[in-house]
Amino acid sequence: MSKQYSTKHDMEKNKSISKQKEKTNCNILSKHFKKIYPIGIHRTCSPLSLSSLSLSLSQNSTDSSLTADSSTPLDQKILSALRLIVPTERREIPVTKIIRQPSASPTEEGGMRRCNWITNNSEKVYVQFHDECWGVPVYDDNQLFELLAMSGMLMDFNWTEIIKRRELLRESFAGFDPNNVSKMGEKEILEIASNKELTLAESRVRCIVDNAKCITKIAKEFGSFSSYMWDYVSYKPVINKFKYPRNVPLRSPKAEAMSKDLLKHGFRLVGPVIVYSFMQASGMTIDHLVDCYRYSECVNLAERPWRHV
């Protein structure tokens, strides 16, 4: 009986020691798993649960980040297996968020909003023309002649290309003085037409010369070319309030009436569309969009009394 009791007592004691070791191993495994997975994990110490970790166990690992005082074979296996899933050095790689800073846009430069047709692709000369010339009332005969000639060139070029030729045009056409241009002969016309920098067709050169002759006649009849042209808008610019580019017309009733009368006086390249472009450029009509910073400035100029002298 005593021997049976002793044997039973030893078995219970061994069983208790085994459970205590198992509990210790569970604590070690749970402790290290929580480093990797901070969320809840299943607490199991079955040897089968470690099989997937031991499949690729590294025998040459020198990691010292998972050391413990335990020296049991099971503990060593657990720690060695955990080395495979715990990184030797935790490095936080900074994620740099690329923020694209908007480039300086001519449309909104320095807090000044421009008409929508001024874009990032617009050349500087065109932006400058928009800011300084387009929509500003012009009353000088020479300047009006220049703008009429430039508007006629829209048949072949765009505004940017024309503005780039502006100084060269002034040199070629004597500062657009109607009296001097009207006296140009065949030699001068051919010389201008042969200028490769201008790339202006001979027929276009002749149109400008012929228009200069018409301007001199009108100046004698009406006092000045300026008085004749501004009379169509009652000597006061037409102030429009367009919000979108699609609202801006290509022609207007006043441009059509002006075109017909100019044709009667012998002018060439003065269709309604060209005339309306001329009216916009010379400030006879204010077509800057209402949210463009130049709109209010040109309106202030337009509201001044007739300044022709």
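Quick caveat, the model's predicted, so the values are computed rather than measured.

Undergrad: How do you make sense of the packing of aromatic side chains when you look at a structure like this?
TA: The way to describe two aromatic rings as a pair is by their centre distance and the angle between their planes. For the coordinates displayed, the defined rule picks out nine aromatic pairs. Their ring planes at 25° and their centres at 5.6 Å tell us that Phe173 and Phe176 sit as a pair that is stacked. Measuring from centroid to centroid gives 6.4 Å for Phe225 and Tyr228, while their planes differ by 25°, and the two rings are stacked. Pair noted here: Phe225 and Tyr228 are both in helix α11 (residues 225–230), with a separation of three residues, about one helical turn. Each of the two residues, Phe225 as well as Tyr228, counts as buried.

Undergrad: Got a minute to help me understand the UniProt feature "binding site: Zn(2+)" (unreviewed entry) in the chain in this structure?
TA: Per the UniProt record, the feature "binding site: Zn(2+)" (unreviewed entry) sits at Cys115, His130, His288 and Cys292. These annotated residues cover 178 residues of sequence, but their C-alpha atoms sit close together, with the largest distance between any two at 10.5 Å. Summarising the element assignment, His130 is placed in helix α4 (residues 124–132). Judged by its relative accessible area of 2%, His130 falls in the buried class. Not counting residues within four places of it along the chain, the set of residues in contact with His130 comprises Arg114, Cys115, Trp117, Ile118, His288, Cys292 and Arg294. Counting through the fold element by element, Cys292 comes out in the loop between β4 (285–286) and α14 (293–302). Accessibility expressed as a relative area gives 2% for Cys292, which makes it buried.

Reading the values: the criteria
- Per chain, residue numbering runs from 1 following the sequence as it is written.
- The predicted origin of the model limits local features to residues at a pLDDT of at least 70 and limits the giving and counting of side-chain atom pairs to 80 or more, whereas totals for whole chains, interfaces and linings rest on all residues.
- Values shown for side chains rest on all heavy atoms present in the structure; no hydrogens or waters enter the calculation.
- Think of it this way: a Phe, Tyr or Trp ring, Trp meaning its six-membered ring, pairs with another when their centres are within 6.5 Å, and the plane angle makes it stacked under 30 degrees, edge-to-face over 60, tilted otherwise.
- Secondary structure elements follow DSSP: runs of H or I of four or more residues count as helices, runs of E of two or more count as strands, with numbering from the N terminus.
- The rule is simple: take the accessible area with a 1.4 Å probe, protein chains only, and divide by the maximum for that residue type; under 20% is buried, over 50% is exposed, in between is partly exposed.
- UniProt positions are given in the numbering used here, feature names are shortened, and annotations may be inferred rather than shown by experiment.
- Contacts are residue-level and defined by heavy atoms, with any inter-residue pair within 4.5 Å sufficient.

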